[in-house]
Amino acid sequence: MELAKVRQYLKENHPRFVAELGEYIRFASISAQPDHRPQMEACAQWLRDHCEQIGLTAKLVPTPGNPVVVAKTPVQPGLPTFLVYGHYDVQPVDPLELWQSKPFEPRVAKNVMYGRGTCDNKGQHLAHLNAIEAYLKTGTPLPCNLTFICEGEEEVGSLNLAGFLQKHKAELACDAVVISDTGMPSRKHPALTYALRGVACLEVKLTGPSRDLHSGLFGGSVDNPAMALCQMLAQLRDKKGRITVPGFYEDVAALSAFERKQLARLPYKEAEYKKFLGVKTLFGEAGFTAWEQRTARPTLEINGLTSGYQGVGSKTIVPSWASAKITTRLVANQKPKQVLKAVSDHLKKLCPPTMKIAIEIGHAGDPYLMSPTSELAQAALRALKSSFQCEPVLLREGGSIPIVNDFKKILKADTLLLGLSLPDDNAHSPNEKFDLKIFALGMQMSATLWPELADKSSK
Ligand code: BES
Ligand code: ZN
């Protein structure tokens, strides 16, 4: 298939693509913060308009939460259909003082764009839209139909997307899903991710006295919720980094020898990794390498801990309550519901009689695992290799994109995860960035991908 015109178009229009990414970054589309709702809406509208400009039919589909952008290439009957998924919502920006430039004022330096959402995920799905634009604007026939959907609630658990998929199942029917919302280990290691961890969230609150008490007058005669909570939480993990919740590891699928060998091939230098993270020593579950610990083993983390006085100076109180936000990352074949029950039951058991305990269950998503040897996976690997000019790697990733399991359940489609974000791109951190060279290579990869996939598709 003749792709020279498409490639040329992508090269010639690169400066405009960068400018458009900048425009897109300017929307503070933070889904976790309800007061950002107007920006969510404006961002979705910008994306819909952009899709129309490049030649797609596009619409906004309302949900009980933020709207979903749905766009399609002109329908060609008889050809396979692929669905590209992205998310236009971004993580909160705090701590703001650690940003070297404002999160929603894109800054380009040394061929890198800084800004919240650049790599997670606006730049990554824009790379696909730019490739599609190149086909449409050069009149190069696409070898498949493409449906693009972009949601605004990925960073808060995609609560309304499964319902959206159910409702629009027929319109979204596809042969496979393609998502670029994961990472690649380095510029020289383009990656096909074949597994993601699942996630399950809960919040635990202990209440002791009915109000904050003077610690001098009452302290010593009444239990302290912050102390009690810390003692409970400290028991959730042993010295070897194993989670002590009974049954926690019950359904965990062991890593095969083949996978351990693949993971051992990935670039890793302990000293550099420690420096990058800013830690003195690493810590993780004994018996596993760092790559295994962070991608293929389950974890339980405290994400936030709140109690008592948080202002400047001191305040002599016994706080009335203490709470912790907890998430677990899960691997195949753990079930979020079961794990949440096991953790909740265990916390209740650990709770001392001096405290009232309340547990609130949050969002959850299954882990994902697909076969990296399928025809479609092989086709994707060819597209990665020819565009990046490097041997691609097979990756498990530690992050979660809960909706991939719903694509399988509802649309019966496998998801190819072709991530473009580098380990130091600061996703979810201050100074998030996206490498513009990889942005360009990602567009070339997307352009190459469609003929490769269409060729191997069953239809
Ligand atoms: N893009 C990430 C997920 C990701 C990043 C997967 C890198 C693999 C490698 C996504 O935007 C994300 O952050 N997801 C959340 C989901 C959660 C809120 C349910 C996550 O993993 O914390
Ligand atoms: Zn994210």
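Our subject is the structure that appears above.
The structure reproduced in this document is the subject of the present report. (Residues numbered from 1 in each chain as written. Chains lettered and ligands numbered in written order. Predicted model: local features only at pLDDT ≥ 70, side-chain atom pairs only at ≥ 80, totals over all residues. Heavy atoms only, no water.)

1. Here we look at the sheet that holds strand S5 (residues 112–114)
Worth spelling out the cut-off: For two strands to be treated as a pair, DSSP must find no fewer than two bridges joining them. Helix and strand labels come from DSSP, where a helix needs a run of H or I of at least four residues and a strand needs a run of E of at least two; each type is numbered from the N terminus. Helix axes are fitted to C-alpha atoms over the stretch in contact, other axes to C-alpha atoms as well, and angles between N-to-C directions run from 0 to 180 degrees.
Overall, antiparallel pairing links the three strands, which are arranged S4-S5-S18 in an open sheet. The open sheet terminates on both sides in strands that have one partner only, identified here as strand S4 (107–109) and strand S18 (433–435). The average angle at which neighbouring strand axes cross in this sheet is 25 degrees, direction not considered. Examined bridge by bridge, S4 and S5 share three bridges and lie antiparallel to one another. Paired with Ala-109 across the strands is Val-112, a residue of S5.

2. Thoughts on the nonpolar core
Short version of the rule: We call a set of buried Ala, Val, Leu, Ile, Met, Phe, Trp, Tyr and Cys residues a nonpolar core when their side-chain atoms join them within 4.5 Å. Using a 1.4 Å probe on the protein chains alone, a residue whose accessible area is under 20% of its type maximum counts as buried, one over 50% counts as exposed, and one in between counts as partly exposed. Two residues qualify as a contact provided that any one of their heavy atoms is within 4.5 Å of a heavy atom in the partner residue.
Counting 101 residues, the largest nonpolar core has Tyr-85, Ile-149, Phe-407, Phe-439 and Trp-450 as its most contacted members. If we skip the residues at most four places from it in the chain, Tyr-85 touches Ile-149, Glu-151, Glu-154, Ser-158, Leu-161, Val-177, Val-178, Ile-179, Ile-401, Ile-403 and Phe-407. Formed by 28 residues, the second largest nonpolar core is a distinct cluster that contains Leu-202, Ala-322, Leu-330 and Cys-351.

3. A word on the pairing of strand S7 (residues 176–179)
Residues Ala-176 and Val-178 of S7 are buried on one face, and the alternating residues Val-177 and Ile-179, pointing to the opposite face, are buried as well. Note: strand S3 (residues 81–87) against S7, four bridges, orientation parallel. Directly across from Leu-83, in S7, lies its bridge partner Val-177. Bridge count for S7 against strand S17 (residues 414–417) is four bridges, and the pairing is parallel. Note on S17: the bridge partner recorded for Ala-176 is Asp-414.

4. Side note on the pairing of strand S16 (residues 393–397)
On any regular strand, side chains alternate: one points to one face of the sheet, the next to the other face. For S16, the tally of buried residues reaches five of five residues, placing the bulk of the element in the interior. As paired strands, strand S8 (residues 191–196) and S16 are joined by five bridges and run parallel to one another. The residue of S16 that forms the bridge with Ala-191 is Val-393.

5. Structural notes on the site of ligand 1
Quick reminder of the rule: Working definition: residue near molecule or strand if any one of its non-hydrogen atoms lies within 4 Å of it. Polar contact criterion, stated in full: a pair of N or O atoms within 3.5 Å, where within protein one must be able to donate a hydrogen and the other to accept it, and residues adjacent in sequence count only if both atoms are side-chain atoms. Reported accessibility uses the Shrake-Rupley method at a 1.4 Å probe radius. Residues are deemed covered only where the shown protein chains occlude them. Classification used: nonpolar for Ala, Val, Leu, Ile, Met, Phe, Trp, Tyr, Cys and Pro, charged for Asp, Glu, Lys and Arg, polar for all others including Gly.
As a matter of local geometry, ligand 1 sits amid 16 residues, with Asp-120, Glu-154, Asp-181, Arg-329 and His-428 nearest to it. Within the contact set of ligand 1, an oxygen atom lies 2.8 Å away from a side-chain nitrogen or oxygen of Glu-154. Asp-181 places a side-chain nitrogen or oxygen 2.7 Å from a nitrogen atom of ligand 1. Compared with its free state, where it exposes 520 Å², ligand 1 has 86% of that area covered by protein. Looking at the shell around ligand 1, its residues break down into four nonpolar, six polar and six charged.

6. Quick notes on the pattern of salt bridges
Put simply, the rule reads: Salt bridges are counted wherever a side-chain nitrogen of Lys or Arg sits within 4 Å of a carboxyl oxygen of Asp or Glu.
Counted under the stated rule, the structure contains 19 salt bridges. Between Glu-203 and Lys-325 there is a salt bridge, with the nearest N and O atoms lying 3.1 Å from each other. Highlighted residues: Glu-203 in strand S9 (residues 198–207) and Lys-325 in strand S13 (residues 321–330), separated in sequence by 122 residues. Of the charged contacts in the structure, one is a salt bridge between Asp-414 and Lys-408, with a shortest N-O distance of 2.9 Å. A network of salt bridges, in which partner residues are shared, links Arg-16, Glu-20 and Glu-133.

7. What about the environment of Ser-320?
Assignment of secondary structure puts Ser-320 in the loop between strand S12 (317–318) and S13. On the accessibility criterion, Ser-320 (7% relative accessible area) is buried. Between the C-alpha atoms of Ser-320 and Pro-225, which are 95 residues apart in sequence, the distance is 6.7 Å. If we ignore the near neighbours within four places in the chain, the residues touching Ser-320 are Leu-206, Thr-207, Gly-208, Pro-209, Ser-210, Arg-211, Asp-212 and Pro-225. Separated by 2.7 Å, the side chain of Ser-320 and the backbone oxygen of Pro-209 make a polar contact.

8. Things to note about the state of the cysteines
Defined as follows: When two cysteine sulfur atoms lie within 2.5 Å, the pair is treated as a disulfide.
Applying the stated criterion across every chain yields a total of zero disulfides. The cysteine Cys-150 is free of any disulfide, with Cys-43 supplying the nearest cysteine sulfur at 7.7 Å. Between Cys-174, a cysteine without a disulfide, and Cys-144, which holds the nearest cysteine sulfur, the sulfur-to-sulfur distance is 11 Å.

9. As for the sheet that holds S9
What the four strands build is an open sheet, ordered S11-S13-S9-S14; its pairing is antiparallel. Strands with a single pairing partner mark the edges of an open sheet, and in this sheet they are strand S11 (299–307) and strand S14 (356–365). Adjacent strand axes in the sheet meet at a mean angle of 15 degrees, parallel and antiparallel pairs treated alike. Taken together, the ten bridges between S9 and S13 define a ladder with antiparallel strand orientation. Paired with Lys-205 across the two strands is Ser-323, which belongs to S13. The strands that helix H6 (residues 225–234) touches are S9, S11, S13 and S14; relative to S13, the one it contacts most, it runs at about 20 degrees. Strands S9, S11, S13 and S14 of the sheet are contacted by helix H10 (residues 336–350), whose axis makes an angle of about 165 degrees with S14.

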